[in-house]
Amino acid sequence: MGNYKRTIIITGGAGFIGSHVVRLMVNKYPDYHIINLDKLTYAGNLANLADVESKPNYTFVRADICDYEAVSRVIRDNAADGIIHLAAESHVDRSIVDPFTFARTNVMGTLTLLQSAREYWESLPGGYEGKLFYHISTDEVYGALAMTHPGGVPSPVSAHVAYGDQFFTEESKLDPHSPYSASKASSEHFVRAFHDTYGMPVIVTNCSNNYGPYQFPEKLIPLLINNIRHRRPLPVYGKGENVRDWLYVEDHACAIDTIFHHGRPAETYNIGGFNEWRNIDIVRLVIRTTDRLLGRREDEDMGLITFVTDRKGHDLRYAIDSRKLQRELGWQPSLQFEEGIVRTVRWYLDNQAWMDNVTSGDYMNYYDRMYGRR
Ligand code: NAD
Ligand code: TYD
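Naming follows an unreviewed UniProt entry, where the protein chain appears as dTDP-glucose 4,6-dehydratase of Candidatus Avibacteroides avistercoris. Under the UniProt heading Catalytic activity (unreviewed entry), the entry covering the protein chain gives this text: "dTDP-alpha-D-glucose = dTDP-4-dehydro-6-deoxy-alpha-D-glucose + H2O". Its UniProt record gives the protein chain a comment under Cofactor (unreviewed entry), which states: "NAD(+)".

Q: Before we go on, may I ask you to explain the site of ligand 1 in this structure?
A: Around ligand 1, the surrounding shell holds 28 residues, and the nearest of these are Ile 17, Asp 38, Ser 90, Tyr 180 and Lys 184. Separating a nitrogen atom of ligand 1 from a side-chain N or O atom of Asp 64 is a distance of 2.9 Å. One of the backbone nitrogen or oxygen atoms of Leu 86 is found 2.9 Å away from an oxygen atom of ligand 1. Contact with the protein chains removes 96% of the 840 Å² of surface that ligand 1 exposes when unbound. Contributing elements (two or more residues each) for the shell around ligand 1: helix 1 (16-28), strand 5 (132-138), helix 5 (179-198) and strand 9 (209-211). If you tally residues by element for the shell around ligand 1, the top one is strand 5, at 3 residues. Residue classes in the shell around ligand 1 are distributed as 13 nonpolar, 11 polar and 4 charged.

Q: What is the right way to read the environment of Gly 82 from this model?
A: In this fold, Gly 82 is placed in strand 4 (residues 82-85). By relative accessible area, Gly 82 is classed as buried at 0%. Separated by 51 residues in sequence, Gly 82 and Phe 133 place their C-alpha atoms 5.9 Å apart. Beyond its immediate stretch of four places on either side in the chain, Gly 82 contacts Thr 7, Ile 8, Ile 9, Trp 121, Leu 132 and Phe 260.

Q: Help me understand the packing of helix 4 (residues 99-122) against helix 5 in this model?
A: Helix-helix packing is described using two parameters, namely the angle between the two axes and the distance between the axes. Between helix 4 and helix 5, the shortest axis-to-axis distance is 8 Å and the interhelical angle comes to 15°. If you check the angle between helix 4 and helix 5, you find them roughly parallel. Viewed along their axes, helix 4 and helix 5 form a crossing whose handedness is right-handed. Counted together, Pro 99, Phe 102, Ala 103, Asn 106, Val 107, Thr 110, Leu 111, Leu 114, Gln 115, Arg 118 and Glu 122 of helix 4 and Pro 179, Tyr 180, Ser 183, Lys 184, Ser 186, Ser 187, Phe 190, Val 191, Phe 194 and Tyr 198 of helix 5 form the full contact between these two elements. In terms of residue class, the contact of helix 4 with helix 5 is made up of 12 nonpolar, 6 polar and 3 charged.

The rules behind these values
- Residues numbered from 1 in each chain as written.
- Chains lettered and ligands numbered in written order.
- Predicted model: local features only at pLDDT ≥ 70, side-chain atom pairs only at ≥ 80, totals over all residues.
- Heavy atoms only, no water.
- UniProt positions renumbered as here; feature names shortened; annotations may be inferred.
- Near = heavy atom within 4 Å.
- Polar contact = N/O pair within 3.5 Å; in protein donor to acceptor, adjacent residues only side chain to side chain.
- Areas by Shrake-Rupley, 256 points an atom, 1.4 Å probe, with all protein chains shown as cover.
- Helix = DSSP H or I, 4+ residues; strand = E, 2+ residues; numbered from the N terminus.
- Nonpolar A, V, L, I, M, F, W, Y, C, P; charged D, E, K, R; others polar.
- Buried < 20%, exposed > 50% of the residue type's maximum accessible area, 1.4 Å probe, protein only.
- Contact = heavy atoms within 4.5 Å.
- Axes fitted to C-alpha atoms, helices over the stretch in contact; angles between N-to-C directions.
- Parallel < 35°, antiparallel > 145°, perpendicular 65-115°, else oblique.
- Left-handed = near helix turned anticlockwise from the far one by under 90°.

Set out below in structure tokens:
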């Protein structure tokens, strides 16, 4: 395995955010052994990591985080020092249809990882010294905020627009509403319980909505770009007035790197870019940007907007206060949203083969081609 300074297991590395974290870590830390542990569900796509798969400090292991034997073996055999845990079922609409899968992966999977790490780390002479379990969570666990300014006002905590007076801070209570956010909240409780009960060094971070390359096109922004390209209807839930706080995925990956190395164990950090947008405004921005980059007349595809039945229990507004992270660790988002959207639309248009493989299901064969039969 070589003589590496540290061995880090990243779970969910072939998904959207995980692939960016793996890429950053493999390239930035050639003296770390980075193990990507992923089951490759529909959301896992090894093509997301084609540019790092032959790097000597990168290993892919196909395993289910609920498989206690397999997870324990990977941790022990590789003498893992750190775990960055991203593997999860991540789509709210799927959780409404099939909540059991979310409880299994997000709750039992996280518990399986925690228990396996605990048993290995407690067996070492130095115990938990130099070890860290870093759990990636979401702002959705905090529930929904009121919309006190439906037209948007200057934010009291940043230079941006806000649609309400309140923000999620690290002190906000967990108040999840969807089966997805309930499963993520449960897993967070287990992570903190392992700190409080066994003394495991843990960090939890809660991030806002991510966007950027390699996002599965069931999520709003890549779905819009693909549908605009094919001139298909653009489904907007309800009236499109729900507000989300958006962060470019590479900014999230940089925050994870900073927090993994410099965050204080037992702490929670909120990650967000103070970037609130109503869904309908995003839809219009993405139409304008995509039309322009496709050489179409700007606004040509506005007629594709189709208001559809609202999501059940649809949270009205998310808004993250990330000042603790900015103050303590100096992290800042690097991109303005409009700039990030141009970069994102351009990436999807330049990588149509990636999108076509995902939408056709062809990407599922990547593992067989690279690693042999499933
Ligand atoms: P994703 O759905 O794109 O990827 C999830 C990955 O986890 C996939 O590679 C999948 O194969 C893997 N996985 C699923 N079940 C597994 C299992 N049982 N065992 C092993 N691997 C399994 O998700 P994402 O959007 O990249 O989100 C990653 C993490 O970040 C999640 O924990 C999510 O809750 C959190 N998060 C996401 C966002 C967002 O906007 N996407 C925002 C904040 C936090
Ligand atoms: P999504 O990308 O699913 O992220 P999340 O539910 O985790 O915030 O959805 C972002 C917002 O866009 C959310 O308010 C639901 C809405 N939405 C639509 O209006 N139409 C769509 O087709 C999708 C997928 C989402």
